[in-house]
Amino acid sequence: SIPENIALPCVIYCHGNSGCRADANEAAVVLLPSNITVFTLDFSGSGLSDGDYVSLGWHEKEDLKCAVSFLRTNKQVSRIGLWGRSMGAVTSLLYGAEDPSIAGMVLDSAFTNLYGLMLELVDVYKIRVPKFTVKMAVQYMRRTIQKRAKFDIMDLNVVKLAPKTFIPALFGHGLSDMFIQPHHCDRIHEAYGGDKSMVKFEGDHNSPRPQSYYDSVSIFFYNTLRPPQLPASGSNKLHVKIGTMTNESLFFEIINGLRAAKTDAGSSSTNAHGFRNSTTSVVELLSESANQLSIKNDNDLVGFPLR
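Residues numbered from 1 in each chain as written. Predicted model: local features only at pLDDT ≥ 70, side-chain atom pairs only at ≥ 80, totals over all residues. Heavy atoms only, no water.

Asks: Mind showing me how you'd approach the nonpolar core here?
Replies: In a soluble, globular protein the nonpolar side chains are often hidden away together inside. Ile12, Leu93, Ile102, Met105, Phe111, Ile188 and Tyr192 are the most contacted members of the largest nonpolar core, which totals 50 residues. Residues lining this core come from more than one domain, with at least three contributed by each of domain 1 (7-112 + 157-231) and domain 2 (114-155). When residues no more than four places from it in sequence are discounted, the contact partners of Phe111 are Leu56, Val90, Leu117, Leu156, Val158, Ile180, His184 and Ile188. (Core = buried A, V, L, I, M, F, W, Y, C linked by side-chain atoms within 4.5 Å. Buried < 20%, exposed > 50% of the residue type's maximum accessible area, 1.4 Å probe, protein only. Domains from an automatic or database assignment. Contact = heavy atoms within 4.5 Å.)

This is the structure we're talking about:
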């Protein structure tokens, strides 16, 4: 049991696209034995929360703001840290730039900017569509998102915010990650203004993280959150299976849409009619993906107490 007069630090776990609050199992296993509590939520449009869409970090930071505000009113919570994975890491960076009171952040597989990542994925997955066609389609999607979701995908750029953020941060990234390549982590880490360290490990975007990485996370949060020592009360061991993330479905829909456009393109470089068809196909498919890039505010919050 926890004495009523003792406040414990808390880490808010921010899941990735196609994830949910259950992904915080990995944080619970690592942090609870150190007397650090864990708080997790389903971002709007994910898990059990209302909302039909996600915005890959832009509006999710408002959900995170609600979680932080809630914890600030709890007298049993002392320092607050953030642990984000993929979209959740971007969300943490976006929010951290606005709230310097956060004690520390773990940032796993963040991307630098949304627009650049989308163009990069076309090359990574060898989608043979003319670049000007892709750029036209992305610009169309940009306008659609601005109209429906009320934000500009060009503004979703954490590299610009990194030099102005001074929260201690631990960056992590898989060496074989071809979805969000390691150079994204390198660029953010290089630009970051606060105390920082970086851990690279074997594995791809969705691989289970190695124990050495979790050891680094545990030490980092112990140093930044400074949890109190509590009297031992039975076993602190947790037996929770840590699952892997699902693929980032939104990006894969974009990729598959571009692949489909290749089939329709035909001789688009020499035939005006073919060009129109191929462009329309890309635009329509990216537009469908754009429908997912909006969000409604939601406060479906769940916490992991220390037991």
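Asks: How do you make sense of the pairing of strand β2 (residues 37-41) when you look at a structure like this?
Replies: Of all 5 residues in β2, 5 are buried, a share of seventy percent or more. Side-chain alternation along β2 places Thr37, Phe39 and Leu41 on one buried face and Val38 and Thr40 on a second face that is also buried. In the sheet, strand β1 (residues 8-14) pairs with β2 via 4 bridges, with the strands oriented parallel. The residue of β2 that forms the bridge with Tyr13 is Thr40. A crossover links β1 with its parallel partner β2, the connecting element being helix α1 (residues 25-31), and its sense is right-handed. (Helix = DSSP H or I, 4+ residues; strand = E, 2+ residues; numbered from the N terminus. Pairing = 2+ DSSP bridges. Right-handed = clockwise from strand over helix to strand, strands pointing away.)

Asks: I keep staring at helix α2 (residues 60-72) and nothing clicks. Help me out?
Replies: For an α-helix, the turn length of 3.6 residues means that residues three or four places apart are oriented alike. The end-to-end C-alpha distance of α2 is 19 Å, a good match for the 18 Å that 13 residues give at a rise of 1.5 Å each. Taken as a whole, α2 has its buried residues at Glu60, Lys61, Asp63, Leu64, Ala67, Val68 and Leu71. For α2, the arc enclosing every buried residue in end-on projection is 155°, short of the 170-degree limit, so these residues lie on one face. (Expected span 1.5 Å × (residues − 1). Arc of directions from axis to C-beta.)

Asks: Can you walk me through the side chain of Gln181 in this structure?
Replies: Tracing the backbone shows Gln181 in the loop between β5 (169-174) and α7 (182-191). Judged by its relative accessible area of 19%, Gln181 falls in the buried class.

Asks: How should unusual backbone geometry be read in this particular structure?
Replies: Among all residues except glycine, the phi angle is most often negative; among peptide bonds, the trans geometry is most common. The backbone of Leu56 sits at a positive phi, close to 60°, despite the residue not being glycine. Looking at where Leu56 falls in the secondary structure, it is placed in the loop between β2 and α2. For Arg226, which is not a glycine, the phi torsion comes out positive at approximately 45°. Note on placement: Arg226 falls in the loop between α8 (211-225) and α9 (249-265).

Asks: I'm lost on the packing of aromatic side chains in this one. Help?
Replies: Any pair of aromatic rings gets described here by the distance separating the centres and the angle formed by the planes. In the structure shown here, the tally under the stated rule is 8 aromatic pairs. Arranged with centres 5.9 Å apart and planes meeting at 40°, the rings of Phe39 and Phe70 form a pair that is tilted. On the criterion of sequence distance, the pair formed by Phe39 in strand β2 and Phe70 in helix α2 is long-range, its members being 31 residues apart. With centroids separated by 5.5 Å and ring planes inclined at 80°, the aromatic side chains of Phe171 and Tyr192 adopt a geometry described as edge-to-face. Pair noted here: Phe171 is in strand β5 and Tyr192 is in the loop between α7 and β6 (196-201), with a separation of 21 residues, a long-range link. Here Phe171 matches Tyr192 in class, with each residue buried. Linked through ring pairs, Tyr13, Trp83, Phe201, Tyr213, Tyr214, Phe220 and Phe221 together constitute an aromatic cluster. Note that Lys61 overlies the ring of Trp58, its terminal NZ or CZ placed 4.4 Å from the centroid. (Phe/Tyr/Trp six-rings, centres within 6.5 Å; stacked < 30°, edge-to-face > 60°. Lys NZ or Arg CZ within 6 Å of the ring centre and 35° of its normal.)

Asks: Even after reading the chapter, I still don't get the packing of α2 against helix α3 (residues 87-96), so can you show me in this structure?
Replies: Two measures define how a pair of helices packs: the angle their axes make with one another and the distance between the axes. Viewed as axis vectors pointing N to C, α2 and α3 meet at an angle of 70°, and their least axial separation amounts to 9 Å. By the angle class used here, α2 and α3 are roughly perpendicular. Seen along the crossing, α2 lies across α3 with a hand that is right-handed. Only Met87, Thr91, Ser92, Leu94 and Tyr95 of α3 make contact with α2, whose side of the interface consists of Glu60, Lys61, Leu64, Lys65 and Val68. Tallied by class, the residues present in the contact of α2 with α3 amount to 5 nonpolar, 2 polar and 3 charged. (Axes fitted to C-alpha atoms, helices over the stretch in contact; angles between N-to-C directions. Parallel < 35°, antiparallel > 145°, perpendicular 65-115°, else oblique. Left-handed = near helix turned anticlockwise from the far one by under 90°. Nonpolar A, V, L, I, M, F, W, Y, C, P; charged D, E, K, R; others polar.)

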